[in-house]
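# Working through the structure, step by step
In case you want the letters, here they are:
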Amino acid sequence: MKFYSLNNSKIQASFKEAVIDGIAPDKGLYFPEEIQPLPANFFENIDSYSNHEIAFKAIHQFVDKNIPDEVLKEIIKKVLDFDFPLVQIEENVATLELFHGPTMAFKDVGARFMAECLGHFSEDKNNEVIVLVATSGDTGGAVANGFLGVKGVNVVILYPSGKVSDIQEKQLTTLGQNIVAMEVNGTFDDCQRMVKTAFLDAEITNQKKLTSANSINVARWLPQLFYFLFAYKQARTKGKEIVFAVPSGNFGNICAGIVAQKLGMPVKHFVASTNANTVVPNFMKSGVYEPMPSIATISNAMDVGDPSNFIRIRHLYQDDFLTIQENLSSYSFSDEATKSIMKMIYAESGYIMDPHGAVGYLGLKEYQKSNPNTYGVFLETAHPVKFLDVVEDTLGLSPKIPPQIQKVMGRKKKAMKINTYEELKSYLMDS
Ligand SMILES: *Cc1c(COP(=O)(O)O)cnc(C)c1O
């Protein structure tokens, strides 16, 4: 199995090369040359497989011979050591809780899988890989946790000073070992710019192997398809056609769900729910893709003005607008609507949604207005305590802090304060 660049299908790479490089030499995203559907009886008999077996069958063709089967099975076992429960909220509506991992965000799955693959690939080499990543919050924690102690890999995480939550800051600054946090005096965009500049800086790249750990990397993107299959396994017993609603920012998560559909998973429709960042909802109306500057919202992990994975979704549907419309709807919701649905669901059922999950719920309900006879699953992408301020303000209560969060709150922050790109560069050159 090869991966090709979406800019030029002649530029090809193995899974290993795609994981180590992150992006193709022509800056295109890597895409699998073929997606071979799993046999129909796999989906009919999915109850008889464990989550680990399902994950192995689903990812095997993409990893191919780059990782021995036994090693891949071990990796899957390590990555998926927590639950993915489907929790019924009301009739025909359930949430897939993706926040039972170590940092309580869905990004744990992709970050851990990528870390284990990269660790495997750098085992036999003495030149180490540096993972360089900018974060506005959740990515940093998941990457720090996933890569902690992985041999041959050093991680440098840039985050904007004063602009991530206390919990998120603790998650990325307290681990030590091979994880270095840099507190940038600036915005997320400044962090992102420094990372991009480093990737293009030949003085660095001639000496150091740099890679990124965001969802453009196939090893972070593809394993996200696992939990759509786990949800299918639980939801199919309802006997209705299934709809997935995914709160979306960079559109990596929903795109992985569409790969699960290509593997043969029966799905009626996908709903991409967004906040005030409306590039994709606009595209679904006009067929024209127009990036815009990102807008700050209370669901800030989805404040993205030019979603990097949307091009993969278009490609999955042969870039045919009608096919995309048949399979995908996209709606945008304001912060006001998000807060009022958080209040309503809490009042009606006692369930506490985080603002991202709430946006997902709203999109599902919008679709079900005209498709009532469906079973809807919206993804809860983070635990409500990860967005404590919003939840406290909106619901007037403080959710209980789970043990894995409490543990990091007591640890000491260690971050390198930097102001300029030159400081990042000299650190990377000397490390
Ligand atoms: C990253 C993130 C999202 C957006 O996921 P994409 O794959 O970028 O669309 C949604 N919710 C939370 C809590 C996140 O951390």
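To keep things clear, this report deals only with the structure shown in the data block. (Residues numbered from 1 in each chain as written. Predicted model: local features only at pLDDT ≥ 70, side-chain atom pairs only at ≥ 80, totals over all residues. Heavy atoms only, no water.)

## What to know about the sheet that holds strand E5 (residues 93-97)
What counts here: By definition, two strands form a pair when at least two bridges between them are found by DSSP. Strands are runs of DSSP state E lasting at least two residues, helices are runs of H or I lasting at least four, and both sets are numbered from the N terminus onward. Note on geometry: axes are C-alpha line fits, over the in-contact stretch for helices, and angles between N-to-C directions span 0 to 180 degrees. Throughout, a residue-residue contact means that at least one pair of heavy atoms, one from each residue, lies within 4.5 Å.
Taking strand neighbours across the sheet as the criterion, the six strands line up as E4-E5-E13-E10-E11-E12 in an open arrangement whose pairing is mixed. Each edge of the open sheet is held by one strand with a lone partner, namely strand E4 (86-90) and strand E12 (328-332). Strand-to-strand twist in this sheet, taken as the mean axis angle between neighbours without regard to direction, amounts to 25°. Across five bridges, strand E10 (residues 241-247) lies against strand E13 (residues 374-380) in parallel orientation. Paired with Ile242 across the bridge in E13 is Tyr375. This element, helix H17 (residues 355-370), spans E4, E5, E10, strand E11 (269-274), E12 and E13 of the sheet and lies at about 165° to E13.

## Focus: the sheet that holds strand E6 (residues 129-134)
Across the sheet, which stays open at both edges, the five strands sit in the order E9-E6-E7-E8-E14 with parallel pairing between neighbours. Of all strands in the sheet, those with a lone pairing partner are strand E9 (209-211) and strand E14 (416-418), marking the two edges. Going across the sheet, the axis of each strand differs from the next one's by a mean of 25°, ignoring polarity. Direction of pairing for strand E7 (residues 153-160) relative to strand E8 (residues 179-184): parallel, over a ladder of six bridges. Along E8, the bridge assignment pairs Val156 with Val180.

## A look at the side chain of His383
To be explicit about the condition: Think of it in three bands: residues with accessible area under 20% of the maximum for their type are buried, residues over 50% are exposed, and the middle band is partly exposed, with areas taken using a 1.4 Å probe on protein chains only.
If you trace the backbone, His383 turns up in the loop between E13 and helix H18 (388-395). The class of His383 is buried, set by a relative accessible area of 13%. Residues within four places of His383 in sequence aside, it is in contact with Phe99, Met104, Asp354, Lys400 and Pro402.

## Let's talk about the packing of helix H16 (residues 335-349) against H18
Axis angle and axis distance: for two packed helices, these are the angle between their axes and the distance between the axes, and together they describe the pair. Heads up, the condition is: Any angle between 65 and 115 degrees counts as roughly perpendicular, while under 35 counts as roughly parallel, over 145 as roughly antiparallel, and the rest as oblique. Throughout, a crossing is termed right-handed when the near helix is turned clockwise from the far one, and left-handed when it is turned anticlockwise from it by less than a right angle. Basically, the charged four are Asp, Glu, Lys and Arg, the nonpolar ten are Ala, Val, Leu, Ile, Met, Phe, Trp, Tyr, Cys and Pro, and anything else, Gly included, counts as polar.
Contact pair H16 / H18: the axes reach a minimum separation of 9 Å and the direction vectors enclose 65°. Taken together, the axes of H16 and H18 lie roughly perpendicular to each other. The element H16 and its partner H18 pack so that their crossing is right-handed. Of the residues in H18, those in contact with Lys339, Met342, Lys343 and Tyr346 of H16 are Val390, Val391, Thr394 and Leu395. A class-by-class count of the residues in the contact of H16 with H18 yields five nonpolar, one polar and two charged.

## Observations regarding the pairing of E5
Burial analysis of E5 places five of its five residues in the buried class, which makes it a mostly covered element. What sits between the antiparallel neighbours E4 and E5 is a turn of two residues, in which Asn92 has the positive phi angle 65°. Pairing analysis gives five bridges linking E5 to E13, with the strands arranged parallel. Note that in E13 the partner of Glu97 across the bridge is Glu380.

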